[in-house]
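# Commentary on secondary and tertiary structure
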Amino acid sequence: MELLFINACVRSKSRTKRLADKLLNELGKPYEEVNLTSVTFPVVDEDFLNERDRLSSKGEFDAPMFKWAKQFAEAEEIVIAAPFWDLSFPAALKQYLEQVNVVGLTFRYTEEGVPVGLCKAKRIFVVTTAGGYFVPEEYGFGYIKALAEGYYGIHDVRLISAAGLDIVNADVEEILSSVENNIRQYI
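Below is a summary of the structure that appears in this document. All values reported here derive from a predicted model rather than from experimental measurement.

## A closer look at the overall build of the protein chain
The helix and strand tally for the protein chain stands at six helices and seven strands. When the elements of the protein chain are put in sequence order from the N terminus, they spell out β-α-β-α-α-β-α-β-β-β-α-β-α. A compact globule built from 187 residues would reach a C-alpha radius of gyration of about 16 Å, and the protein chain, at 17 Å, matches this within 12%. Along the three orthogonal principal directions, the C-alpha set of the protein chain runs to about 55 × 30 × 30 Å. Residues classed as buried in the protein chain amount to 43% of the 187 residues present. Of the contacts formed within the protein chain by residues at least 6 apart in sequence, a portion of 79% connects residues at least 24 apart. Each charge sign in the protein chain was given a centre, from 20 positive and 28 negative side chains, and these centres are 4 Å apart.

Below, the structure written as structure tokens:
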């Protein structure tokens, strides 16, 4: 698969999705979408982790629980659309990332315990919007960037964002249009 689109946008008129659609159009590639609002993830509890560890230690990655990790690892390019909420991103994206973090599929450990990425993707675009301007990078984008670089082996992680959208008297259309008009510079 050439391009994977991970859609964590909940609202039907999502401003984040609008920017992601513009990016996907500019990339001009067919893509496979994972719409996280329509996915029910299994609970990551002790039983789940034990089963995942048991299967991954044997290299038995055909089990359904590895569907998301296999898809993520095979993508050549990834776009993640996730609005900035409550100092982070929607919980569904965290649940998705828990499914993607699989030793033997998306990363492995060296004998010294250092993670080494196994993903094919060369770059990830993270598209986000925020109502205010207080957007600490480490809580949303920074978390994804740390996983991408530190575990998945994807070192080209690009942020496309629009902030200040809910500030009184903000010209939302102007802010979004400005980012849309500059999307090509991120590619």
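That covers the picture; the talk isn't over yet.
## Points about unusual backbone geometry
Despite not being glycine, N169 shows a phi value in the positive range, around 70 degrees. Position of N169 relative to the elements: it lies in the loop between β7 (156-162) and α6 (172-181). Relative accessible area serves as the criterion here: at 76%, N169 is assigned to the exposed category.

## Section: the packing of aromatic side chains
Here a ring pair, both rings aromatic, is described through the centre-centre distance and the interplanar angle of the planes. Taken as a whole and assessed by the stated rule, the structure comprises 10 aromatic pairs. Pairwise contacts between aromatic rings join F41, W68, F72, Y96 and Y152 into one cluster.

## A few points about the nonpolar core
Residues I6, F72, I78, L93, Y96, Y152 and I154 are the most contacted members of the largest nonpolar core, which totals 29 residues. If you list the elements that add at least two residues to this core, you get β1 (3-7), α3 (67-74), β3 (77-81), α4 (91-100), β6 (123-129) and α5 (141-152). Ranked by the residues each element gives to this core, the list is headed by α5, at five residues. Those residues in contact with I154 that lie beyond four places of it in its chain are F72, I78, C119, A121, K122, R123, I124, A148 and E149. Residues L19, V127, I160 and I183 belong to the second largest nonpolar core, which totals 19 residues.

## Overview of the packing of α4 against α5
Viewed as axis vectors pointing N to C, α4 and α5 meet at an angle of 5 degrees, and their least axial separation amounts to 12 Å. The angle between α4 and α5 places the two elements in the roughly parallel class. Within the contact between the two elements, α4 uses L93, K94, L97 and V100 and α5 uses Y143, I144, L147 and Y152. By residue class, the composition of the contact of α4 with α5 is seven nonpolar, no polar and one charged.

Reading the values: rules and limits
- Residues numbered from 1 in each chain as written.
- Predicted model: local features only at pLDDT ≥ 70, side-chain atom pairs only at ≥ 80, totals over all residues.
- Heavy atoms only, no water.
- Helix = DSSP H or I, 4+ residues; strand = E, 2+ residues; numbered from the N terminus.
- Rg over C-alpha atoms; globule rule 2.2 N^0.38 Å.
- Buried < 20%, exposed > 50% of the residue type's maximum accessible area, 1.4 Å probe, protein only.
- Contact = heavy atoms within 4.5 Å.
- Lys, Arg positive; Asp, Glu negative; His and termini not counted.
- Charge placed at Lys NZ, Arg CZ, Asp CG, Glu CD.
- Phe/Tyr/Trp six-rings, centres within 6.5 Å; stacked < 30°, edge-to-face > 60°.
- Core = buried A, V, L, I, M, F, W, Y, C linked by side-chain atoms within 4.5 Å.
- Axes fitted to C-alpha atoms, helices over the stretch in contact; angles between N-to-C directions.
- Parallel < 35°, antiparallel > 145°, perpendicular 65-115°, else oblique.
- Nonpolar A, V, L, I, M, F, W, Y, C, P; charged D, E, K, R; others polar.

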